[in-house]
Amino acid sequence: MNDFLYDRLTEALNSRGGAFPAIKCDILKDMLETIFNEEDAKLAIEIPDQPVTAEEMAIKTGRGIEDLRKALETMARKGILFTAMIAGKRIYILFPLIPGIIENQLMRGETDERTRKISRLVTEYLSMLTDLEKSDEGRLPHIPFARVITVDEEIPPNVTVEPYDRLLRYFERISIFALAVCHCRHMNELVGDPCTKPKDVCLALGPGAQYMIEYGLAKPITKEEALHVLKRAEEAGLVHVVSNTGKNIDFVCNCCSCHCDNMKAFKRNWIGGRAAPSSFMAEVLAENCTGCGSCIPRCPMEALTIEDDIAKVNKLRCIGCGLCISTCPSGAISLRHREEVFVPYRDSKELMDALRVPIEKQDNPF
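Residues numbered from 1 in each chain as written. Predicted model: local features only at pLDDT ≥ 70, side-chain atom pairs only at ≥ 80, totals over all residues. Heavy atoms only, no water.

**A few points about the state of the cysteines**
Now for step 1: Applying the stated criterion across every chain, the model contains 0 disulfides.
Now for step 2: Distance from the sulfur of Cys299, which forms no disulfide, to the nearest cysteine sulfur (Cys321) is 6.3 Å.
Now for step 3: When its relative accessible area of 15% is taken as the criterion, Cys299 is described as buried.
Now for step 4: Summary of cysteine pairing: Cys328 is not part of a disulfide, and the nearest cysteine sulfur, belonging to Cys292, is at 6.1 Å.
Now for step 5: You can call Cys328 buried: its relative accessible area is 16%. (Disulfide = S-S within 2.5 Å. Buried < 20%, exposed > 50% of the residue type's maximum accessible area, 1.4 Å probe, protein only.)

**Here we look at helix α3 (residues 38-46)**
Now for step 1: For α3, every residue scored as buried is listed here: Asp40, Ala41, Leu43, Ala44 and Ile45.
Now for step 2: On its buried side, α3 packs onto α1 (3-15), α2 (26-35), α4 (54-61), α5 (65-77) and β3 (89-94). (Helix = DSSP H or I, 4+ residues; strand = E, 2+ residues; numbered from the N terminus. Contact = heavy atoms within 4.5 Å.)

**Structural notes on the packing of aromatic side chains**
Now for step 1: For the structure shown, the criterion picks out 5 aromatic pairs.
Now for step 2: When the ring of Phe82 is compared with that of Phe95, the centres are 6.1 Å apart and the planes differ by 75 degrees; the resulting orientation is edge-to-face. Linking Phe82 in strand β2 (residues 81-86) with Phe95 in the loop between β3 and α6 (97-104), this pair joins segments that are 13 residues apart in sequence. Comparing Phe82 with Phe95, the two get one shared label, buried.
Now for step 3: Through pairs of rings, three or more aromatic residues link up here, namely Phe82, Phe95, Tyr211 and Tyr215. (Phe/Tyr/Trp six-rings, centres within 6.5 Å; stacked < 30°, edge-to-face > 60°.)

**Concerning the sheet that holds strand β4 (residues 146-148)**
The strands making up a sheet are joined through hydrogen bonds of the backbone, oriented either antiparallel or parallel.
Now for step 1: What the 7 strands build is an open sheet, ordered β7-β5-β6-β9-β8-β4-β10; its pairing is mixed. Only two strands of the sheet have a single partner each, and these edge strands are β7 (219-221) and β10 (275-276).
Now for step 2: Two elements, strand β5 (residues 177-180) and β7, share 3 bridges in a ladder whose sense is antiparallel. Counterpart to Ala178 in the pairing with β7 is Pro220. (Pairing = 2+ DSSP bridges.)

**Focus: the pattern of salt bridges**
Now for step 1: Taken as a whole, this structure holds 20 salt bridges when the rule is applied.
Now for step 2: Between Glu66 and Arg69 there is a salt bridge whose closest N-O contact spans 2.9 Å. Of this pair, Glu66 and Arg69 are both found in helix α5, 3 residues apart, which corresponds to roughly one turn of the helix.
Now for step 3: Here Arg69 falls in the partly exposed class, since its relative accessible area comes to 27%.
Now for step 4: Note that Glu283 is salt-bridged to Arg336, the shortest N-O span being 3.3 Å. With Glu283 in strand β11 (residues 280-284) and Arg336 in strand β14 (residues 333-337), this residue pair connects regions lying 53 residues apart in the sequence. (Salt bridge = Lys/Arg side-chain N within 4 Å of Asp/Glu carboxyl O.)

**Concerning the packing of α1 against α3**
Now for step 1: Put simply, α1 and α3 touch, their axes get as near as 9 Å, and they point 50 degrees apart. The pairing of α1 with α3 is recorded here as oblique in orientation. For the pair α1 and α3, the sense of crossing is left-handed. Across from Leu5, Arg8, Leu9 and Ala12 in α1, the residues of α3 making contact are Glu38, Ala41, Lys42, Ala44 and Ile45.
Now for step 2: Its residues assigned to classes, the contact of α1 with α3 shows 6 nonpolar, no polar and 3 charged. (Axes fitted to C-alpha atoms, helices over the stretch in contact; angles between N-to-C directions. Parallel < 35°, antiparallel > 145°, perpendicular 65-115°, else oblique. Left-handed = near helix turned anticlockwise from the far one by under 90°. Nonpolar A, V, L, I, M, F, W, Y, C, P; charged D, E, K, R; others polar.)

**So, the pairing of strand β13 (residues 310-313)**
Now for step 1: Across 4 bridges, the pairing between strand β12 (residues 304-307) and β13 is antiparallel. Counted as the bridge partner of Glu307 is Ile310 from β13.

**Examining the sheet that holds strand β1 (residues 52-53)**
Now for step 1: As summarised here, the arrangement of the 3 strands in space is β1-β3-β2, forming an open sheet in which the pairing is antiparallel. The sheet is open, and its two edges are formed by β1 and β2, each paired on a single side.
Now for step 2: Taken together, the 2 bridges between β1 and β3 define a ladder with antiparallel strand orientation. Each bridged residue has a counterpart across the sheet, and for Thr53 the counterpart in β3 is Ile91.

**As for the pairing of β11**
Now for step 1: Counting buried residues in β11 gives 4 out of 5 residues, a clear majority hidden from the surface.
Now for step 2: Two elements, β11 and β14, share 5 bridges in a ladder whose sense is antiparallel. Looking at the pairing, Phe280 lines up with His337 of β14.

Coordinates in, geometry out; function isn't part of it.
Laid out in structure tokens, this is it:
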């Protein structure tokens, strides 16, 4: 890939928004050359920010419709383009770099040399971004692309809850579910740092699930099976993380704090820009606490400690996942509303529009 094509491809990816920018460097160039061939890159540059049909792209590029449709379908199967049938027409749109293109290379759970190479390059790229985050905040987005959502059954019945705070509410309205491999844990396994948590727990919902099933990125499951995945993830101590949108959600990642990037960012600095905490936080009723310490290893953020034989919550570390409650034998831990709630964006369009705003002009929601 020559420098001119590489420069234009990074510009196209950055125009899609996303949780991380495409920052020009040797690591990124090697990664993009592994994922995109030259034809993919040239076509990606021509795709507008809004959904487009093959017919519209044929007019824009002057290419034959059948040849162009085949190329778009190939890119969709590679996880570079999202595609769906809308009002009887098949539309295509370029995914952001992250989340989107990178995750799609890893969610099949493949272990071939190409996937291993991508895993190594993504690990190096994320490490570079972490260093950049520490030294130059202006280069990374301030907008949380994802948010923590509390375990439903741990929300107190006497608390007023916004519709976007209940995960099961979304499940009630969705009929298509897909199960994929956790790209974070799979990637780290391929670079020699395996996790003890389960990998087959990441869910896609609705149109995103339909795309992933149709193009071989995930397998179809029933709603009942999806609910079982949630329960299995909770039992394993994984945190539910969803898209930072309120009307609908596209995915449910079940994240560990040792390998998943959103959780690691939370542990480094609670006031970040990658994910938002839930609307709740843990609270300990001192008179009921026996100081047994069963909640300590359960907390992914290390927000709980034992002081004077009573569990204490660090408010600056608690993300309100609700995982600690189920292990408390005395029922001393409950959830309460966070004083400052981070309201999600209405839908994916509103979120992506916010992420497209130049970073220096973004409002920091924290």
